[in-house]
Amino acid sequence: MAGTITVHLNKEASKRPEHVTESGPVRWILIAIALLFLGLIVVLPLLSIFVEAFKKGVGVYIDSIKDPDAMSALKLTLTTALIAVPLNTVFGIAAAWAISKFRFRGKNILITLIDLPFAVSPVISGMVYVLLFGAQGFLGPWLDDRGIQIIFALPGIVLATVFVTVPFVARELIPHMQAQGVQEEEAASSLGAKGWQIFWRVTLPNIKWGLLYGIILCNARAMGEFGAVSVVSGHIRGETNTLPLHIEILYNEYQFSASFAVASLLVMLAVITLIVKSIVEWKSSSQH
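Residues numbered from 1 in each chain as written. Predicted model: local features only at pLDDT ≥ 70, side-chain atom pairs only at ≥ 80, totals over all residues. Heavy atoms only, no water.

Asker: I tried to follow the overall build of the protein chain on my own but got confused; where do I start?
Answerer: For the protein chain, the helix and strand inventory stands at 13 helices and zero strands. Listing every helix and strand of the protein chain by position from the N terminus yields α-α-α-α-α-α-α-α-α-α-α-α-α. Compactness check: the protein chain gives a C-alpha radius of gyration of 25 Å against a globular reference of 19 Å for 288 residues, more than 25% above the reference. Here the protein chain, with 288 residues, has 36% of them falling under the buried criterion. Within the protein chain, residue pairs in contact and separated by at least 24 positions form 71% of the contacts whose partners lie at least 6 positions apart. As displayed, the protein chain has an accessible area near 17,600 Å², and 68% of this comes from carbon and sulfur atoms. Counting 21 positive and 19 negative side-chain charges, the protein chain places the centres of these two groups 10 Å from one another. (Helix = DSSP H or I, 4+ residues; strand = E, 2+ residues; numbered from the N terminus. Rg over C-alpha atoms; globule rule 2.2 N^0.38 Å. Buried < 20%, exposed > 50% of the residue type's maximum accessible area, 1.4 Å probe, protein only. Contact = heavy atoms within 4.5 Å. Areas by Shrake-Rupley, 256 points an atom, 1.4 Å probe, with all protein chains shown as cover. Lys, Arg positive; Asp, Glu negative; His and termini not counted. Charge placed at Lys NZ, Arg CZ, Asp CG, Glu CD.)

Asker: Honestly, the nonpolar core in this entry has me stumped. Any pointers?
Answerer: One recurring pattern in soluble globular proteins is that nonpolar side chains are buried together. Counting 39 residues, the largest nonpolar core has L173, L211, L243, V262 and L269 as its most contacted members. Among the secondary structure elements, those contributing two or more residues to this core are α2 (24–53), α3 (58–66), α4 (68–101), α5 (107–119), α8 (154–180), α10 (195–224), α12 (243–252) and α13 (256–286). Considering every element that reaches this core, the biggest residue donor is α4, with nine residues. Setting aside residues up to four positions removed in sequence, L173 forms contacts with G92, I93, A96, I207, G210 and L211. (Core = buried A, V, L, I, M, F, W, Y, C linked by side-chain atoms within 4.5 Å.)

Asker: What's the story with unusual backbone geometry in this structure? I'm lost.
Answerer: Most peptide bonds take the trans form, and the phi angle of most residues other than glycine is negative. The phi dihedral of F152 is positive, around 65 degrees, even though this residue is not glycine. Within the element layout of this structure, F152 appears in the loop between α7 (140–145) and α8. If you check the backbone angles, H235 has positive phi at about 55 degrees while not being a glycine. With respect to the secondary-structure elements, H235 resides in the loop between α11 (227–233) and α12.

Asker: Looking at this structure, I do not really get the pattern of salt bridges. What am I missing?
Answerer: Side chains that carry opposite charge are capable of pairing whenever their charged atoms lie near each other. Per the counting criterion, the structure on display carries five salt bridges. Close ionic contact of D69 with R237 constitutes a salt bridge, the shortest N to O distance being 3.2 Å. You can see D69 sitting in helix α4 and its partner R237 sitting in the loop between α11 and α12, a full 168 residues away along the chain. Under the relative-accessibility criterion, D69 is labelled partly exposed at 22%. Residue classification places R237 among the partly exposed positions, given a relative accessible area of 35%. Across the pair R221 and E225 runs a salt bridge, and its minimum N-O distance is 2.9 Å. Among the ionic contacts, a cluster of salt bridges with common partners joins D69, R237 and E253. (Salt bridge = Lys/Arg side-chain N within 4 Å of Asp/Glu carboxyl O.)

What is shown is where atoms sit, not what they do.
Here it is in structure tokens:
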């Protein structure tokens, strides 16, 4: 009798669909709405950038990209990212390791501080640095006496970018490290491994894809940051303008073809970043 019931239940289970979901028409309607929305809000505006960039011909486009101010803005953007991203990577690893591996008072406060740049307007963060390091700021006179310039120079731009991009690496790593637990590290420690050996041979291999993903997101935000950098840069053409600031200046001067040409350069950097991100996601999923 029990065997008959089991066979009957197995037959009933085999008749059930593997996944209970919406009907075909509902699925296609939802997909169409999503594609239409993304097409109108994301794809169409991005395509219009390239259309406007090449509107006056390839020659004008190339001249706009090769302009010394544009090259200076590109160099400053990449330099800022090359400094800010490694700093946030080191901080993100240290913060995620502390939060996920140890118990200590103030852990929730640390997590809140990491999330703070998500809640604070970038313009406000830029103003804070002006109040601290500007000529009339709290540390301004002291810095001026020693010939140190933070605001309207590369250090201020880097500081503002670091502030805005602080959460990306840490927030990506914390769930990975929490899911990983501490058993493997404890086993390595019981076998005589030291702190750095444990990190390089146990912790890092387990978080490498999450770390790369966080670095990519941090880099994308660093290159595209506008608000905080706009406040601390001083908009000195050819010196303290990043690509987003240079685009704004060109647009305000009615140099539309040039502004869209430089904007297309920033879009291409973003696309390259997304391609790398997709590769990292694909490799990460293929190893699980």
